[in-house]
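Descriptive structure summary
One letter stands for each residue in the lines below.
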Amino acid sequence: MSRIGKHPISVPQGVKVQVSDRKVEVSGPKGALNIIHNDKVRVLQEEGKILVQREGETKEHRACHGLYQRLIANMIEGVTNGYKKELEIVGVGYRAQMEGESLVLQVGLSHQPKFVVPQGLKISVPKPTQIVIEGSDKQQVGQVAARIRKIRPPEPYQGKGIRYLNERVRRKVGKTGAK
C-alpha cells in the first residue's frame with residue numbers, strides 16, 4: 001500500500017469538492033481548480049474526506065495512487081491558503097518593476113525582458129530587488145518562478161542574477177592573476 005496514497009484528505013470548511021467519473025473539481029475562497037485522473041485510481045468522497053484507491057497492484061497503479069492523492073491535497077491547500085514563491089535579484093543596477101500586467105526586468109541584458117503575468121496568478125514587487133508570485137495552483141506558481149529565474153540565473157563567480165529567496169549559490173574561485 002502506498003504510504004502517501006492511503007491517507008484520507010480532509011476537506012476544510014468553505015471548500016467544495018465535486019467528484020465525477022474521472023474529474024475532481026475543488027473550489028474555495030482563493031479560486032477553483034480541477035484535475036482529470038486516469039483509470040488506474042478511483043476517487044471517493046465521504047463525509048468531509050476524500051479517499052484515493054488504486055484499481056490494481058502493478059507498478060503504474062502504485063505510482064498513480066500516491067501521485068493523485070498529493071495532487072488533490074495540493075489543490076485543496078491551494079484554494080484554501082494559496083501558494084507563494086519569492087525571488088530576489090542580486091546585482092548592481094538589477095531591478096524589477098510592474099508595468100500594467102507585465103513584469104519588466106533590468107538585469108544587465110541589452111534589452112529589458114517583459115514577463116506577462118498568466119491568468120490566475122498575482123505578481124508583486126514590494127522592493128525593486130524582490131519579486132513575489134502568488135496563486136492557488138502550486139504547479140503554476142513554481143513554473144512561473146522558474147521561468148522568471150531562467151531569464152538571468154545566478155552565476156557562480158559573482159553571484160549576480162535572479163534567485164529564489166534564501167537560495168545558496170555555490171561560488172567558484174576566479175582566475176588567479178598572471179605572475
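Provided above is the structure to which this section pertains.
This section reports on the structure supplied with the text.

So, the sheet that holds strand 8 (residues 95-99)
Two orientations exist for strands paired in a sheet by backbone hydrogen bonds: parallel and antiparallel. Judged by pairing direction, the sheet is antiparallel, and its 3 strands sit side by side in the order 8-9-10 without closing on themselves. The sheet is open, and its two edges are formed by strand 8 and strand 10 (114-116), each paired on a single side. Going across the sheet, the axis of each strand differs from the next one's by a mean of 25 degrees, ignoring polarity. In terms of strand pairing, strand 9 (residues 102-106) meets strand 10 through 3 bridges, oriented antiparallel. Residue pairing for strand 10: V104 is matched across the bridge by K114.

Description of the side chain of S102
For S102, the location among the structural elements is in strand 9. For S102, a relative accessible area of 13% translates into the label buried. Discounting chain neighbours no more than four positions away, the residues touching S102 are Q97, F115 and V116.

With respect to the sheet that holds strand 1 (residues 9-10)
Taken together, the 3 strands give an open sheet; going across it, the order is 1-6-5, and neighbouring strands pair in antiparallel fashion. Pairing within the sheet leaves two strands with one partner each, and these edge strands are strand 1 and strand 5 (41-46). Alignment of strand 5 against strand 6 (residues 49-54), held across 6 bridges, turns out to be antiparallel. In the strand pairing of strand 6, V43 is matched with V52. Running at roughly 160 degrees to strand 6, helix 1 (residues 59-80) makes contact with strand 1, strand 5 and strand 6 of the sheet.

Some points on unusual backbone geometry
Of note, the phi angle at N166 is positive, near 65 degrees, even though the residue is not glycine. With relative accessibility at 69%, the residue N166 sits in the exposed group.

Some remarks on helix 2 (residues 138-151)
The periodicity of an α-helix, 3.6 residues per turn, causes residues three or four positions apart to be oriented the same way. Here helix 2 spans 21 Å end to end across 14 residues, near enough to the 20 Å set by a 1.5 Å rise per residue. Restricting attention to buried positions, one finds in helix 2 the residues V141, V144, A145 and I148. Projection of helix 2 onto a plane perpendicular to its axis shows the buried side chains occupying an angular sector of 100 degrees, all on one side. Away from the buried face of helix 2 by more than 90 degrees, exposed residues Q139 and K150 are located. Buried residues along helix 2 sit in contact with strand 7 (83-90), strand 9, strand 10, strand 11 (121-127), strand 12 (130-135) and strand 13 (161-164).

Considering helix 1
Between the first and last C-alpha of helix 1 there are 32 Å, a value that for 22 residues agrees with the 32 Å anticipated at 1.5 Å per step. The first or second residue beyond helix 1 is G82, which carries a positive phi of 85 degrees.

Cut-off values and rules
Residues numbered from 1 in each chain as written. Predicted model: local features only at pLDDT ≥ 70, side-chain atom pairs only at ≥ 80, totals over all residues. Heavy atoms only, no water. Pairing = 2+ DSSP bridges. Helix = DSSP H or I, 4+ residues; strand = E, 2+ residues; numbered from the N terminus. Axes fitted to C-alpha atoms, helices over the stretch in contact; angles between N-to-C directions. Buried < 20%, exposed > 50% of the residue type's maximum accessible area, 1.4 Å probe, protein only. Contact = heavy atoms within 4.5 Å. Expected span 1.5 Å × (residues − 1). Arc of directions from axis to C-beta.

Such coordinate-based values are descriptive only and should not be taken to indicate function.
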